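Understanding the architecture of this molecule
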Amino acid sequence: MNEKRSFFDGRLSAVLVAAGSSVGLGNIWRFPYVAGSNGGGAFVLVYLGCLLLLGMPVMMAEFAIGRHTRQNAVGAYRSLDKRWSWLGYNGVVSALLIMGFYFVVAGWVGAWLVRSASGELAALSDSAACAKSFASFTSSPWAPLAYTLGFILLNHAVIVLGVKKGIERSARFLMPLLLVMLVVLAIRSLLMEGAAEGIEFFLKPDFSKITPRTVLVAMGQVFFSLSVGLGTMVTYASYFNRETDLKRTALHVSLIDTGVAILAGIVIFPAVFSAGIAPEAGPSLVFITLPDIFNSMGHPALWSSIFFLLLAVAALTSTISLHETATLYLHEEWHLSRSTAAWITTMCSVLLASLASLSMGTLKGWQIGGLNFFDQLDFLTANILLPLGGLATCIFAGWVLDRKVLVEQMHSGKPRTAFLSCTLVVLLRWICPVLLVMIFLDNLHLI
Ligand code: TRP
């Protein structure tokens, strides 16, 4: 089986494909509002600390497991230790559940892209009109469903094209496009009146705002943003070639991921401040507040089209990685053809995403614990399955995985730097599990 596998070409592809997974709605939509409501610059510093101590070590561990076993997430954990195959299943199930709500948000992005380009958003008179348009769109039954289905089919098309022609080629084209659009938007935003105030809020640390809660929120955000803890990076690393340097790849992916999140903040905060809007606006920041701000600029249709295209590209490369996690599992473990496996994954996503989309309106009454289906998927994955997967991945990599495998994968045949591997093992064995147990308890509201 392993001989038939495809491999990504060289170092650049490995970085771009993994960065494609990491950079997503989590960076551009979630990071700015989470930072905005948790202390701005102070949050950014805490985030960087969590990235170094937690995010990067877990990413390296997933890379090592993936490239060593060269299998899908379930097969990878099972082949290393049968008792740990549940960790692979946790990843595959979580990937399906994340797709259930992620595709819905991606559908909204698609709709806002079309409405930006057609000038419909630019015609809205004020923020109340923007809010009303968003609420009536998301709660209507058919239109959001149609956009979500469109996005799922686009994603499906990339997956059936295969590992090289689909996943690798799309990342090599879309990631540079994303970076260019982001830089253009950041420059435009910095040129606005009042930009300095926004940048100050975003980047100047105010340590009085750091609380234990800030640290926990930052850890959760690092995991979601880097796409670690659910076997997605195990899946992608199974396609890395021998020469790929895993430490360096993890470093570059983390730098790109964080750079994009910070640039997204640089796009959003100056604009928000110059319009005199509270930066803590929450999830609606991107869909309601920003279109209103774009409307106060020259050429609103152009700027908002670039922004929503940027979001759509970021979302697509992330959903591709979630889809591939499930598809590769079905392909290898159930011995289905790649195309049948992809169709099954797509059908499951269509079912979950349709329910999640309808739960914003028609099925609103269908609630458990005050959460509709969309929020349940979000809560269950981000607050329970993801920290659980992250914690288990650290314990597995630190305590169960043969240390030789980890060290050998880290060094890819090059001279060994003992200090680095010792640090990695200490982080994975002790520091990461303790920090993660804290996030987990916090998310269950036990502390
Ligand atoms: N990292 C992506 C984002 O920031 C989301 C994502 C893709 C993800 N694959 C994942 C999150 C796997 C957790 C696990 O939007």
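In the block above lies the structure referred to throughout.
Keep in mind it's a predicted model, so treat the numbers as computed, not measured.

Each value, and the rule that gives it
- Residues numbered from 1 in each chain as written.
- Predicted model: local features only at pLDDT ≥ 70, side-chain atom pairs only at ≥ 80, totals over all residues.
- Heavy atoms only, no water.
- Helix = DSSP H or I, 4+ residues; strand = E, 2+ residues; numbered from the N terminus.
- Rg over C-alpha atoms; globule rule 2.2 N^0.38 Å.
- Buried < 20%, exposed > 50% of the residue type's maximum accessible area, 1.4 Å probe, protein only.
- Contact = heavy atoms within 4.5 Å.
- Areas by Shrake-Rupley, 256 points an atom, 1.4 Å probe, with all protein chains shown as cover.
- Lys, Arg positive; Asp, Glu negative; His and termini not counted.
- Charge placed at Lys NZ, Arg CZ, Asp CG, Glu CD.
- Patch = residues over 30% accessible without salt bridge, like charges linked within 9 Å, V, L, I, M, F, W, Y side chains within 5 Å.
- Salt bridge = Lys/Arg side-chain N within 4 Å of Asp/Glu carboxyl O.
- Near = heavy atom within 4 Å.
- Polar contact = N/O pair within 3.5 Å; in protein donor to acceptor, adjacent residues only side chain to side chain.
- Nonpolar A, V, L, I, M, F, W, Y, C, P; charged D, E, K, R; others polar.
- Axes fitted to C-alpha atoms, helices over the stretch in contact; angles between N-to-C directions.
- Parallel < 35°, antiparallel > 145°, perpendicular 65-115°, else oblique.
- Left-handed = near helix turned anticlockwise from the far one by under 90°.
- Expected span 1.5 Å × (residues − 1).
- Arc of directions from axis to C-beta.

Along its length, the protein carries 18 helices and 0 strands. In terms of C-alpha radius of gyration, the protein reaches 21 Å, essentially the compact-globule figure of 22 Å for 447 residues. Its C-alpha atoms give the protein principal-axis dimensions of about 60 × 50 × 45 Å. Looking at the protein as a whole, 60% of its 447 residues qualify as buried. By sequence separation, contacts in the protein at least 24 residues apart represent 82% of the contacts at least 6 residues apart. With the model as given, the accessible surface of the protein reaches about 17,200 Å², and the carbon-plus-sulfur share is 68%. Each charge class in the protein can be summarised by its mean position, and for the 29 positive and 24 negative side chains these summaries are 9 Å apart.

Here we come to a nonpolar patch on the surface. Taken together, the side chains of L52, L53, W399, V400, V426, W430 and I431 define a hydrophobic patch exposed on the protein surface, amounting to about 660 Å² of accessible area. Counting residues per element, the nonpolar patch draws most heavily on helix α18 (residues 418-443), which supplies 3 residues. Looking at the secondary structure, you find W430 in helix α18.

Moving on to the site of the ligand. Of all residues adjacent to the ligand, which total 16 residues, the nearest are S22, G26, Y102, F224 and S227. G26 places a polar main-chain atom, nitrogen or oxygen, 2.8 Å from an oxygen atom of the ligand. S225 is positioned with one of its backbone polar atoms (N or O) 3.1 Å from a nitrogen atom of the ligand. Against a free-state accessible area of 360 Å², the protein chains account for coverage of 100% of the ligand. Residue classes in the shell around the ligand are distributed as 6 nonpolar, 10 polar and no charged.

Right, let's talk about the pattern of salt bridges for a bit. Side-chain pairs of opposite charge can arise where the charged atoms are in close proximity. In total, this model carries 10 salt bridges according to the counting rule given. We note a salt bridge from K164 to D9, for which the minimum N-O separation is 3.6 Å. Remark: D9 occurs in the segment before α1 (10-22) and K164 occurs in helix α8 (residues 163-190); sequence separation between them is 155 residues. The class of K164 is partly exposed, set by a relative accessible area of 30%. Of the charged contacts in the structure, one is a salt bridge between D245 and K247, with a shortest N-O distance of 4.0 Å. By relative accessible area, D245 is classed as buried at 13%. Residue classification places K247 among the buried positions, given a relative accessible area of 19%. In the salt-bridge network here, residues are joined through shared partners; they are D9, K164 and E168.

What follows deals with the packing of α8 against helix α12 (residues 246-274). When two helices pack together, their arrangement is given by the angle between the helix axes and by the axis-to-axis distance. α12 packs onto α8 with a crossing angle of 30° between their chain directions and a minimal axis gap of 8 Å. In this view, α8 runs roughly parallel relative to α12, as classed from their interaxial angle. Here α8 runs over α12; the crossing is left-handed. For the pair α8 and α12, contact is made by L178, L179, L182, V183, L185, A186, S189 and L190 and by V260, L263, A264, I266, V267, P270 and A271, respectively. Residue composition of the contact of α8 with α12, by class: 14 nonpolar, 1 polar and no charged.

What follows covers helix α15 (residues 338-358). For α15, built from 21 residues, the straight-helix expectation of 30 Å at 1.5 Å per residue is met to within 8% by its first-to-last C-alpha distance of 30 Å. Turning to α15, its buried residues are R338, A341, A342, T345, T346, S349, L352, A353, S354, A356 and S357. Tucked into the core, α15 has its buried residues touching α5 (85-117), α6 (127-139), α7 (142-161), α8, α14 (300-333) and α16 (373-400).

Moving on, we get to the environment of G166. Tracing the backbone through its elements, the reader meets G166 in helix α8. Along the primary structure G166 and I320 are separated by 154 residues, whereas in three dimensions their C-alpha atoms are 9.3 Å apart. Excluding its chain neighbours within four sequence positions, the residues that come into contact with G166 are V158 and L161.

Our focus in this paragraph is helix α9 (residues 195-203). Along α9, the residues classified as buried are A195, G198, F201 and F202. Considered in projection along α9, the buried side chains sweep an arc of 130° and stay on one side of the axis. At its buried positions, α9 is contacted by α2 (25-37), α3 (41-69), α8 and α12.

You can see L145 is positioned in helix α7. When the C-alpha atoms of L145 and R67 are compared, they prove to be 38 Å apart, with 78 residues separating the residues in sequence. Not counting residues within four places of it along the chain, the set of residues in contact with L145 comprises S354 and S357.

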